[in-house]
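Tertiary structure, described
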Amino acid sequence: MGTKSIRHICEAVVVSYLQGKAELSGLQINPGDSATLKDLPTVAVICDNASPPPELPEGLGNFDCSVEVCVYSSADAPATLAQHRDRCALIEGFLGWESLADLKAAFAASGDAALYDVTPEPVQDERQSRMFGSRIPYTFRVVLPA
């Protein structure tokens, strides 16, 4: 196994993959631990947890990684809720099971881990006085190279 954190690998691959989508141009897309200025709209990719799948033996480099794509948009301009939902829908499309082949290719290109499967979880929305936020969670099943 390598010396890189599986959590950082997942974040880096998803960030790079989403940054490469023309439909998301103009959005800041960063890993959650980035110190980069985050003006709205912005997207943060956070891998909060990585643990061995319960049905597989530990120590083989297999992980179920909890990855959240957090989308934040300003609530100050007209039609921003519709724009925010459109951004979320694009991201959900790019990270859903129908894009699994593209995601697997992105992980393979990184050379740091292989992706086996993606499981979408329920989206969670939040609203603050001047901001719309959505947490779009996934479970990524990945393996580190031996």
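Let us look at the structure shown here. Remember, it's a predicted structure, so these values are computed and weren't measured experimentally.

1. Side note on the packing of aromatic side chains
Going through the model one piece at a time under the given rule, you end up with 2 aromatic pairs. Taking the centre distance of 6.1 Å and the plane angle of 40° together, the rings of phenylalanine 107 and phenylalanine 140 count as tilted. Here phenylalanine 140 lies in strand 6 (residues 131-143) and phenylalanine 107 lies in helix 3 (residues 100-110), a separation of 33 residues in the sequence. For the pair formed by phenylalanine 107 and phenylalanine 140, the shared burial category is buried. Ring geometry for tyrosine 138 and phenylalanine 140: centres 6.1 Å apart, planes at 75°, overall edge-to-face. Residue tyrosine 138 is classed as buried on the basis of its relative accessible area of 3%.

2. Quick notes on the nonpolar core
Counting residues in each nonpolar core, the largest one holds 35 residues, and the members touching the most others are Ile6, Leu18, Cys65, Val69, Leu95, Phe140 and Val142. When contributions to this core are tallied by element, the ones reaching two or more residues are helix 1 (6-19), strand 2 (42-51), strand 3 (62-74), helix 2 (80-95), helix 3, strand 4 (114-120) and strand 6. It is helix 1 that provides the largest number of residues to this core, a total of 8 residues. Apart from the residues lying within four places of it in its own chain, the contact partners of leucine 95 are Val14, Tyr17, Leu18, Val69, Leu103, Val118 and Tyr138.

3. Remarks on the side chain of asparagine 30
Tracing the backbone shows asparagine 30 in strand 1 (residues 28-31). Residue contacts for asparagine 30: discarding those within four places in its chain leaves Val15, Thr36, Lys38, Val43, Ala44 and Val45.

4. Thoughts on the pattern of salt bridges
This model, assessed by the stated rule, comprises 4 salt bridges. Ionic pairing is found between arginine 141 and glutamate 55, a salt bridge with its closest N-O pair at 2.7 Å. Here arginine 141 is found in strand 6, whereas its partner glutamate 55 is found in the loop between strand 2 and strand 3, with 86 residues between them in sequence. Residue arginine 141 is classed as partly exposed on the basis of its relative accessible area of 22%. In this structure glutamate 55 comes out as exposed when scored by relative accessible area, which is 52%. In this structure, the salt-bridge partner of arginine 141 is aspartate 64, at a minimum N-O distance of 2.6 Å. With a gap of 77 residues between them, arginine 141 in strand 6 and aspartate 64 in strand 3 connect regions that are remote in the sequence. You can call aspartate 64 buried: its relative accessible area is 15%. Look at the salt bridges and you will find they share partners, linking Glu55, Asp64 and Arg141 into a network.

5. Some words on the environment of leucine 81
By the element assignment, leucine 81 lies in helix 2. Residue leucine 81 is classed as partly exposed on the basis of its relative accessible area of 26%. In this structure, the C-alpha to C-alpha distance between leucine 81 and serine 129, residues 48 residues apart in sequence, is 13 Å. Setting aside residues up to four positions removed in sequence, leucine 81 forms contacts with Arg127 and Phe132.

6. Regarding the pairing of strand 6
Extensive coverage of strand 6 is indicated by the burial of 10 of its 13 residues. Bridge analysis of strand 3 against strand 6 gives 13 bridges, and the strand direction is antiparallel. Looking at strand 6, one finds that serine 73 is bridged to phenylalanine 132. Here strand 4 runs beside strand 6; their pairing, made up of 6 bridges, is antiparallel. What sits directly across from aspartate 117, in strand 6, is arginine 141. Alignment of strand 5 (residues 124-128) against strand 6, held across 5 bridges, turns out to be antiparallel. Along strand 6, the bridge assignment pairs glutamine 124 with arginine 135. The turn joining strand 5 and strand 6, which pair antiparallel and follow one another in sequence, is formed by 2 residues.

Reading guide: rules and limits
- Position numbers for residues start from 1 in each chain and track the written sequence from start to end.
- Only residues with pLDDT of 70 or above have their local features reported here, since the model is predicted, and side-chain atom pairs are shown and tallied only from 80 upward, although totals for entire chains, interfaces and linings are computed over all residues.
- Values reported for side chains reflect all heavy atoms of the structure, with hydrogen atoms and water molecules removed beforehand.
- Each pair of aromatic rings taken from Phe, Tyr and Trp, with Trp reduced to its six-membered ring, is defined by centres within 6.5 Å and is described as stacked if the planes are under 30 degrees apart, edge-to-face if over 60, and tilted in the remaining cases.
- Note on conventions: DSSP H or I runs of at least 4 residues are helices, E runs of at least 2 residues are strands, and numbering of each starts at the N terminus.
- Under the scheme applied here, a residue whose accessible area is under 20% of the maximum for its type counts as buried, over 50% as exposed, and between as partly exposed, the area being computed with a 1.4 Å probe on protein chains only.
- Definition used in this section: a nonpolar core is a set of buried Ala, Val, Leu, Ile, Met, Phe, Trp, Tyr and Cys residues joined via side-chain atoms within 4.5 Å.
- Whether two residues are in contact is decided by their heavy atoms: any pair within 4.5 Å suffices.
- By definition here, a salt bridge exists when the distance from a side-chain nitrogen of Lys or Arg to a carboxyl oxygen of Asp or Glu is within 4 Å.
- Two strands form a pair only when DSSP identifies at least two bridges running between them.

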